[in-house]
Amino acid sequence: PFMIGATVAVLLALYAPITQAGWNPARDFGPRLVAYAAGWGEEVAIPGPKNGFWIYIVGPFLGAPAGAAFAEFLLWKRFPKKAA
């Protein structure tokens, strides 16, 4: 448990300035909506100071099909199905 916590702490310290430490899109999206509705504007809320917000929206839509295609066409082709 200590090493897991230390790893997360180090990664947050390294990546927080780049991604605003928003690793969980569900925890990142809600506060941005509230900040936008409260009048903080586009430079703070959506898309954020470094435009890092869009990766949480677009990333899964691009990554999921890419990962499925990789698994289907490259990974699973190596293991042929056995005849029953």
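Keep in mind that what you see is a predicted model, and the values were worked out from it rather than measured.

Q: I'd like to hear about the overall build of the protein chain, residue by residue, with values.
A: Along the backbone of the protein chain there are three helices and zero strands. Each helix and strand of the protein chain, placed in order from N terminus to C terminus, yields the pattern α-α-α. Expressed as a percentage of contacts within the protein chain between residues at least 6 apart in sequence, the contacts between residues at least 24 apart total 31%.

Q: Would you mind going over helix α3 (residues 54-75) in detail, with residue names and values included?
A: Here α3 contains 22 residues, and its C-alpha end-to-end distance of 29 Å stays within 8% of the 32 Å for a straight helix at 1.5 Å per residue. Of all the bends found along α3, the most pronounced is centred on P60 and spans about 30 degrees.

Q: How would you explain helix α2 (residues 25-37) if you had to name every residue and give the values?
A: Taking 1.5 Å of rise per residue, the 13 residues of α2 would be expected to cover 18 Å, and the 18 Å separating its terminal C-alpha atoms lies within 8% of that figure. Considered for burial, the residues of α2 that qualify are D28, R32 and A35. All buried residues of α2 fall inside an arc of 65 degrees around its axis, so they share one side. Turned more than 90 degrees from where α2 packs its buried face, A26, R27, V34 and A37 sit exposed.

Q: Could you give an account of the environment of I57, with specific residues and numbers?
A: Within the fold, I57 resides in helix α3. Sequence spacing of I57 and P25 is 32 residues, and the spatial spacing of their C-alpha atoms is 8.0 Å.

Q: Give me the confidence of the model for the protein chain: which residues, what numbers.
A: Taken residue by residue, the protein chain gives an average pLDDT of 78. The fraction at 70 or more is 79%. Summarising per-element confidence for the protein chain, the mean pLDDT is lowest in α2 (78) and highest in α3 (86).

Q: Help me get a handle on a nonpolar patch on the surface, residues and values and all.
A: Taken together, the side chains of F29, L33, W54, I57, V58, F61 and L62 define a hydrophobic patch exposed on the protein surface, amounting to about 690 Å² of accessible area. Of all the elements, α3 adds the most residues to the nonpolar patch, at five residues. Along the polypeptide, L62 turns up in helix α3.

Thresholds, definitions, all that
- Residues numbered from 1 in each chain as written.
- Predicted model: local features only at pLDDT ≥ 70, side-chain atom pairs only at ≥ 80, totals over all residues.
- Heavy atoms only, no water.
- Helix = DSSP H or I, 4+ residues; strand = E, 2+ residues; numbered from the N terminus.
- Contact = heavy atoms within 4.5 Å.
- Expected span 1.5 Å × (residues − 1).
- Bend = angle between axes of the 7 residues up to and from the residue.
- Buried < 20%, exposed > 50% of the residue type's maximum accessible area, 1.4 Å probe, protein only.
- Arc of directions from axis to C-beta.
- pLDDT = per-residue confidence, 0-100.
- Patch = residues over 30% accessible without salt bridge, like charges linked within 9 Å, V, L, I, M, F, W, Y side chains within 5 Å.
- Areas by Shrake-Rupley, 256 points an atom, 1.4 Å probe, with all protein chains shown as cover.
- Salt bridge = Lys/Arg side-chain N within 4 Å of Asp/Glu carboxyl O.

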